[in-house]
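Survey of secondary and tertiary structure
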Amino acid sequence: MTTPPSLVSRNPADPADVLLRVAASGAAAVADAVVKARDARPGWLDGGAGARSAALVAVAEAIEAAADELAALAVREVGKPHTEARAEVARTAAIWRYYAQAPHEPTGAVHEPFGGPGLLLTRRRPYGVAGLITPWNFPFAIPSWKAAPALAVGNTVVLKPAPEATACALRLAEILQRALPRAVFTVAPGGAAEGGALITSSDVVSFTGSTAVGHEVVRAATARGIPVQAEMGGLNAAIVLPDADIERVAAHIAAAIAGYAGQKCTATSRVIPVGAALHPVREALAAALRELPVGDPSDPATVCGPLISEQARDRVTQATCRGGAVLAGGNAPRRPGWYATPTLVEKLPPGHELLQEEVFGPVAALLPADDLAHAVRIANSVPYGLVTSVHTADLNAALHGLDHLDTGMVRVNAPSTGVDFHLPFGGTKASSHGAREQGRAALDFYTCTRTYTLSPTGAV
Ligand SMILES: NC(=O)C1=CN([C@@H]2O[C@H](COP(=O)(O)OP(=O)(O)OC[C@H]3O[C@@H](n4cnc5c(N)ncnc54)[C@H](OP(=O)(O)O)[C@@H]3O)[C@@H](O)[C@H]2O)C=CC1
Ligand SMILES: O=C(O)CCC(=O)C(=O)O
């Protein structure tokens, strides 16, 4: 028997600081966790809506009580700037409270038979064990916005977190396991082997991460005929019209490019000034990026902390060396930790990596457009379709954007980053596969509609 590899979790701001070394679970332990979760499912479901709701409220309360400690852990393990880490923890508690209402909601509808007496009913029922595979960038919020709706409707859950966020996942599991019955929620630390084992044993799969891995996950789950959703990358554009308040918009876009070092699927990576907006946007955005506070993520003033790993940092710095003109940043500060400076580039050759792939760093390309229709064509010209922001005071321009932008989300006068957890979240093209996450859409994803016929005895 081979020993599972060990997982090492390091502080990206100080790579000598090792948070954790644990053995990966191994595929057999993942399969075993799924068996135990399946056995725990009837008790969890039949315990009733009240018990499920109360348990989800207890999770929210425990997260709120541990907020400072959880935020500090995210700062240390995944390099999330302190202010954002606090906001993520607050959002995570709010997600559990929101889904704590779901067990009390109607699960179906009553219909009249086409002919004769009786009742026809629909009822949404859980699939069984939800297998969740999550990335490191929102180590509390993403596992929670998948697990809370899955649990609310009566599934049990096995989570395979990203190796880089193992300590956060284990701490979240501790909180959940105190509030939930045994085996209702299990975390299985590991890598691709554990992720694969989860897909081959669970009943419904939800993934967030890169597009390449997401497509593999979708193929594996589809081959088994189980429902799967995958939230993958983005290459999101911000369109700025000349009538926008350019100084204010530039500050917002700079934060959407380089906040948390651009490591959000919703980060802005292309900025499209329209017509006369080019010159003021170019100047104001380059200045805003140069002034953006870069540094130690535990400092509350920091907006752009380190990248998650050395490879991630090198990918960003190399991408900006391959053609184009650098307007701001374009280097790595000389300090311990995996930092890259907030970067704006222009005049990129067609087909450049920054115009085709999610680089997941604090870097954006400036792409001037002649008019709004041209801006929309540029925005739509990439393989991804997660979110676009449009900055304008003109309602007609905003409506044109809503009608013609081919992204799952369009945000007018709001940055591309940020999520309203009570609304559906997801994109088009290579950004998403399957049903939407979050909001009520998540309750539908984790349930299968059953149709019941009730006829009086002797009717047939
Ligand atoms: N959309 C988003 O929010 C995110 C996008 N990304 C993108 O992904 C890039 C790489 O980041 P990374 O964290 O490595 O993301 P990956 O997509 O590579 O990994 C995401 C998760 O899937 C696991 N996994 C890998 N291969 C498989 C498989 N075949 N079957 C099942 N599970 C698998 C990973 O484990 P393991 O790491 O051990 O391979 C990890 O837990 C980033 O640069 C960024 O572009 C990353 C994070 C979030
Ligand atoms: O912008 C956000 O707050 C969330 C982004 C996100 O969902 C992701 O990066 O996976």
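All figures in this text were calculated on a predicted structure; none of them were measured in a lab. (Residues numbered from 1 in each chain as written. Chains lettered and ligands numbered in written order. Predicted model: local features only at pLDDT ≥ 70, side-chain atom pairs only at ≥ 80, totals over all residues. Heavy atoms only, no water.)

At a minimum axis distance of 9 Å, the contact between helix α7 (residues 192-201) and helix α8 (residues 211-224) shows a crossing angle of 25°. Taken as axis vectors, α7 and α8 run roughly parallel relative to one another. Seen from above, α7 lies across α8 with right-handed handedness. Seen from α7, the contacting residues are Ile199, Thr200 and Ser201; seen from α8, they are Val217, Ala220, Ala221 and Arg224. Residue composition of the contact of α7 with α8, grouped by class: 4 nonpolar, 2 polar and 1 charged. (Axes fitted to C-alpha atoms, helices over the stretch in contact; angles between N-to-C directions. Helix = DSSP H or I, 4+ residues; strand = E, 2+ residues; numbered from the N terminus. Parallel < 35°, antiparallel > 145°, perpendicular 65-115°, else oblique. Left-handed = near helix turned anticlockwise from the far one by under 90°. Contact = heavy atoms within 4.5 Å. Nonpolar A, V, L, I, M, F, W, Y, C, P; charged D, E, K, R; others polar.)

Moving on to unusual backbone geometry. Most peptide bonds take the trans form, and the phi angle of most residues other than glycine is negative. In this structure, alanine 183 takes a positive phi of about 70° despite not being glycine. As for its placement among the helices and strands, alanine 183 is situated in the loop between α6 (166-179) and β7 (185-187). Within the chain, lysine 429 stands out as a residue other than glycine whose phi angle is a positive 50°.

Across a sheet, strands are paired by hydrogen bonds formed along the backbone, either parallel or antiparallel in direction. Across the sheet, 7 strands lie side by side as β12-β13-β14-β11-β10-β16-β17; this open sheet has mixed pairing. Only two strands of the sheet have a single neighbouring strand rather than two, namely β12 (325-328) and β17 (409-412). Averaged over all pairs of adjacent strands, the angle between strand axes in this sheet comes to 25°, irrespective of strand direction. Strand direction decides the pairing type here: strand β10 (residues 236-240) and strand β16 (residues 387-391), joined by 4 bridges, are parallel. Opposite alanine 238, over in β16, you have serine 389 as the bridge partner. (Pairing = 2+ DSSP bridges.)

Let us now look at the site of ligand 1. Of all residues adjacent to ligand 1, which total 25 residues, the nearest are Trp136, Lys160, Ser210, Met232 and Glu358. Between a nitrogen atom of ligand 1 and a side-chain N or O atom of glutamate 216, the distance comes to 3.0 Å. Elements that contribute at least two residues to the shell around ligand 1 include exactly α7, β8 (204-208) and α8. Element by element, the count of residues in the shell around ligand 1 is highest for α7, at 4 residues. Partitioning the shell around ligand 1 into residue classes produces 14 nonpolar, 8 polar and 3 charged. Mapped onto the domain boundaries, the shell around ligand 1 takes at least three residues apiece from domain 1 (6-232 + 431-453) and domain 2 (236-412). (Near = heavy atom within 4 Å. Polar contact = N/O pair within 3.5 Å; in protein donor to acceptor, adjacent residues only side chain to side chain. Domains from an automatic or database assignment.)

So, about the site of ligand 2. Near ligand 2 the following residues occur: Arg91, Asn137, Phe138, Ile142, Trp145, Lys264, Cys265, Thr266, Thr417, Gly418, Val419 and Phe425. Here threonine 266 contributes a side-chain N or O atom positioned 2.5 Å from an oxygen atom of ligand 2. Its free accessible area being 290 Å², ligand 2 has 97% of it covered by the protein chains. Among the residues forming the shell around ligand 2, the class breakdown is 6 nonpolar, 4 polar and 2 charged. Residue contributions to the shell around ligand 2 reach at least three from each of two domains, namely domain 1 (6-232 + 431-453) and domain 2 (236-412). (Areas by Shrake-Rupley, 256 points an atom, 1.4 Å probe, with all protein chains shown as cover.)

Averaged over every residue, the pLDDT of the protein is 97; residues scoring 70 or more account for 99%. Prediction confidence for the complex, expressed as pTM and ipTM, is 0.97 and 0.94 respectively. (pLDDT = per-residue confidence, 0-100.)

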